[in-house]
Amino acid sequence: MTPGLVLAAQRGDTMAMNDLLTELTPYLGRICGPIALDSGPDAVQEALIAIFRHLPDLREPEALHGWARAIAVREAVRIARRDGRSSPAELDGLPSPQDVERAVDIRDVLERLPPEHRAVLVLRDLEGLPEEAAARLLRVPSGTVKSRLHRARASFRRAWQG
Amino acid sequence: MSWPVADLDPVRRLRALAAAIPGAYVAERVIPAPFAAVWAVAGDLEKEFGTFEPDMRRLTLDSARPDGRLVARARSRYGMRARFDVDLRPGWCWMQSRFLLVGLAATAVPEGTLVAQTGGVRVPGRAALVPWGVRAAGDRALARLAARVAGRPV
């Protein structure tokens with residue numbers, strides 16, 4: 001991504017906005033997919049709407065991806081909650097070893113986690129964000145990220161080993 | 001094992017881009033025909049575009065730039081000429097001139113093909129449209145497109 005593309009889009013060049021959309025969409029799809037699951041396409045759409053509406057506020061074009069990631073994670077959690085396809089965020093409801101053994105891919109495990117826990121997994125395991133940064137982005141205490149991650153990872157580990 | 005990835009179909013893409021353009025309206029319509037049949041009409045800028053886009057009489061593709069972007073010359077029903085930058089791909093067309101914007105998208109749905117259109121007169125130099133008449137123009141363009149796909153006179 002060239003900062004020039006962001007600046008042109010901020011100035012109102014819709015061809016630049018179109019190109020920026022092309023560039024951001026695969027990245028947002030990787031962020032929103034694991035968090036919003038079946039609602040992933042809606043989450044990507046809503047994330048892009050929020051990103052483009054607020055694009056004039058982005059002061060540092062180089063920060064585009066981190067800024068877009070934060071918006072996408074929050075939108076994906078919101079859309080997943082709205083569509084109610086996930087179980088409530090009860091940690092006791094995490095997958096049993098028997099369930100996990102039947103899991104054929106990551107999706108099976110993700111479906112058993114609430115969206116907030118999926119968001120932690122995406123930020124820490126996919127994006128490699130430090131705990132503090134993930135907590136800031138999700139607007140929760142660092143300890144919450146830690147406990148969510150511990151539980152989510154435990155279910156993943158069982159799935160991988162199963 | 002792989003992480004799930006979310007796709008963005010062209011109609012959702014159009015909604016996202018149009019949402020950033022004050023004054024833009026997205027007209028949508030399901031055409032009961034396969035995607036290939038719909039896009040054979042919608043994506044044929046030189047032969048078909050003028051049959052359904054209300055203000056467009058003739059459009060000529062001029063040249064392709066090294067980045068794959070097309071350049072088109074258009075003439076409106078009122079005789080005005082415009083030079084457009086064009087991004088044309090299956091299910092997606094985005095065109096911008098100094099004074100006009102046109103966006104068209106299509107994606108397969110169980111009932112046929114969902115098509116979406118946006119566009120209008122641009123506020124010069126800005127990502128904004130003069131809002132008057134965009135809703136009626138968009139709905140009319142898609143009604144004409146549906147009729148064209150069905151082989152009816154438009």
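The structure presented is a predicted model; accordingly, all values stated were derived computationally and were not measured. (Residues numbered from 1 in each chain as written. Chains lettered and ligands numbered in written order. Predicted model: local features only at pLDDT ≥ 70, side-chain atom pairs only at ≥ 80, totals over all residues. Heavy atoms only, no water.)

Novice: I tried to follow the overall build of chain B on my own but got confused; where do I start?
Specialist: Along its length, chain B carries four helices and seven strands. Each helix and strand of chain B, ordered N terminal to C terminal, gives the series α-β-α-α-β-β-β-β-β-β-α. For 154 residues, the compact-globule estimate of 2.2 N^0.38 gives 15 Å, and chain B sits close to it at 15 Å. Along the longest, intermediate and shortest principal axes, the C-alpha atoms of chain B span 55 × 35 × 35 Å. Every one of the 154 residues in chain B was classed for burial, and the buried ones make up 49%. Considering only residue pairs separated by 6 or more positions, chain B has 51% of its internal contacts joining residues 24 or more positions apart. In the form shown here, chain B has an accessible surface area of approximately 7500 Å², with 53% of it arising from carbon and sulfur atoms. The average position of the 23 basic charges and that of the 14 acidic charges among the side chains of chain B differ by 7 Å. (Helix = DSSP H or I, 4+ residues; strand = E, 2+ residues; numbered from the N terminus. Rg over C-alpha atoms; globule rule 2.2 N^0.38 Å. Buried < 20%, exposed > 50% of the residue type's maximum accessible area, 1.4 Å probe, protein only. Contact = heavy atoms within 4.5 Å. Areas by Shrake-Rupley, 256 points an atom, 1.4 Å probe, with all protein chains shown as cover. Lys, Arg positive; Asp, Glu negative; His and termini not counted. Charge placed at Lys NZ, Arg CZ, Asp CG, Glu CD.)

Novice: Just checking my understanding: could you explain the interface of chain B and chain A for this structure?
Specialist: Note: interface size is frequently given as the accessible area lost on complex formation between the parts. The interface of chain B with chain A comprises 29 residues on the first partner and 36 residues on the second. Carbon and sulfur atoms make up 67% of the surface buried where chain B meets chain A, a total of about 2700 Å² over both sides. Between the two partners, chain B and chain A, sit two salt bridges. Put simply, Arg 69 of chain B and Asp 19 of chain A hold a salt bridge, and the shortest N to O gap is 2.5 Å. Contributions of two or more residues to the side of chain B that touches chain A are made by α1 (10-19), β4 (81-89) and β5 (92-96) of chain B. With six residues, α1 of chain B is the single largest residue contributor to the side of chain B that touches chain A. (Buried area = accessible area lost by both parts, 1.4 Å probe. Salt bridge = Lys/Arg side-chain N within 4 Å of Asp/Glu carboxyl O.)

Novice: Sorry, what's going on with helix α8 (residues 131-138) of chain A here?
Specialist: Every α-helix winds through 3.6 residues per turn, so residues three or four apart in the chain are directed the same way. All buried positions along α8 of chain A are accounted for by Ala 133, Ala 134, Ala 135, Leu 137 and Leu 138 of chain A. One or two positions beyond α8 of chain A, positive phi appears at Arg 139 of chain A, with a value near 60°.

Novice: What's the story with the domain arrangement of chain A in this structure? I'm lost.
Specialist: Residue and element names in this part refer to chain A. For chain A, the domain assignment lists domain 1 (1-85) and domain 2 (87-162). The partner domain 2 presents 18 residues to the 16 residues of domain 1 that form the contact. Of the roughly 1500 Å² buried between domain 1 and domain 2, counting both surfaces, carbon and sulfur atoms make up 60%. Arg 69 serves as the salt-bridge partner of Glu 127, at 2.8 Å between the closest nitrogen and oxygen. (Domains from an automatic or database assignment.)

Novice: Is there a simple way to think about the packing of aromatic side chains in this case?
Specialist: Residue and element names in this part refer to chain B. Taken as a whole, this structure holds three aromatic pairs over all chains when the rule is applied. Here the aromatic rings of Phe 49 and Phe 52 are separated by 5.3 Å at their centres, their planes lie at 80°, and the arrangement is edge-to-face. Note that Phe 49 and Phe 52 are positioned in helix α3 (residues 49-52) at a spacing of three residues, about one turn of the helix. Both residues of the pair, Phe 49 and Phe 52, count as buried. Judged by centre distance (6.1 Å) and plane angle (10°), the ring pair of Trp 92 and Trp 94 falls under stacked. Across the pair, Trp 94 and Trp 92 agree in class, each one buried. Over the ring of Trp 92 we find Arg 13, and its NZ or CZ is 4.4 Å from the ring centre. (Phe/Tyr/Trp six-rings, centres within 6.5 Å; stacked < 30°, edge-to-face > 60°. Lys NZ or Arg CZ within 6 Å of the ring centre and 35° of its normal.)

Novice: Would you mind going over the nonpolar core with me for this structure?
Specialist: Across soluble globular proteins, you tend to see nonpolar side chains buried next to one another. Core analysis: the largest hydrophobic core is formed by 70 residues, its most contacted members being Leu 20, Leu 28, Leu 48 and Phe 52 of chain A. Take this core: its biggest share by element is twelve residues, from helix α2 (residues 14-36) of chain A. Both domains that meet at this core, namely domain 1 (1-85) and domain 2 (87-162) of chain A, each give it at least three residues. Residues Ala 27, Ala 42, Ala 82 and Phe 84 of chain B belong to the second largest nonpolar core, which totals 28 residues. (Core = buried A, V, L, I, M, F, W, Y, C linked by side-chain atoms within 4.5 Å.)

Novice: Sorry, what's going on with helix α2 (residues 35-42) of chain B here?
Specialist: Residues and elements named next belong to chain B. Three or more residues of α2 are buried, namely Val 38, Trp 39, Val 41 and Ala 42. Buried residues of α2, viewed axially, fall in a sector of 160°; they line one side. What points out from α2, more than 90 degrees from its buried face, is the exposed set Ala 36 and Ala 40. (Arc of directions from axis to C-beta.)

Novice: Explanation requested: the environment of Arg 75 of chain B in the structure shown.
Specialist: Residue and element names in this part refer to chain B. Position of Arg 75 among the secondary structure elements: in strand β3 (residues 70-76). Spatially, the C-alpha atom of Arg 75 lies 8.9 Å from that of Thr 60, the residues being 15 residues apart in sequence. Residue contacts for Arg 75: discarding those within four places in its chain leaves Asp 55, Met 56, Arg 57, Arg 58, Met 80 and Arg 81.

Novice: What's the story with the pairing of strand β7 (residues 112-121) of chain B in this structure? I'm lost.
Specialist: Every other side chain in a regular strand lies on the same face of the sheet, so the side chains alternate between the two faces. All names here are of chain B. Counting buried residues in β7 gives eight out of ten residues, a clear majority hidden from the surface. Pairing between strand β1 (residues 27-31) and β7: five bridges, direction antiparallel. For Ile 31, the partnering residue across the bridge sits in β7 and is Thr 113. Bridge count between strand β6 (residues 100-109) and β7: ten bridges; the pairing is antiparallel. (Pairing = 2+ DSSP bridges.)

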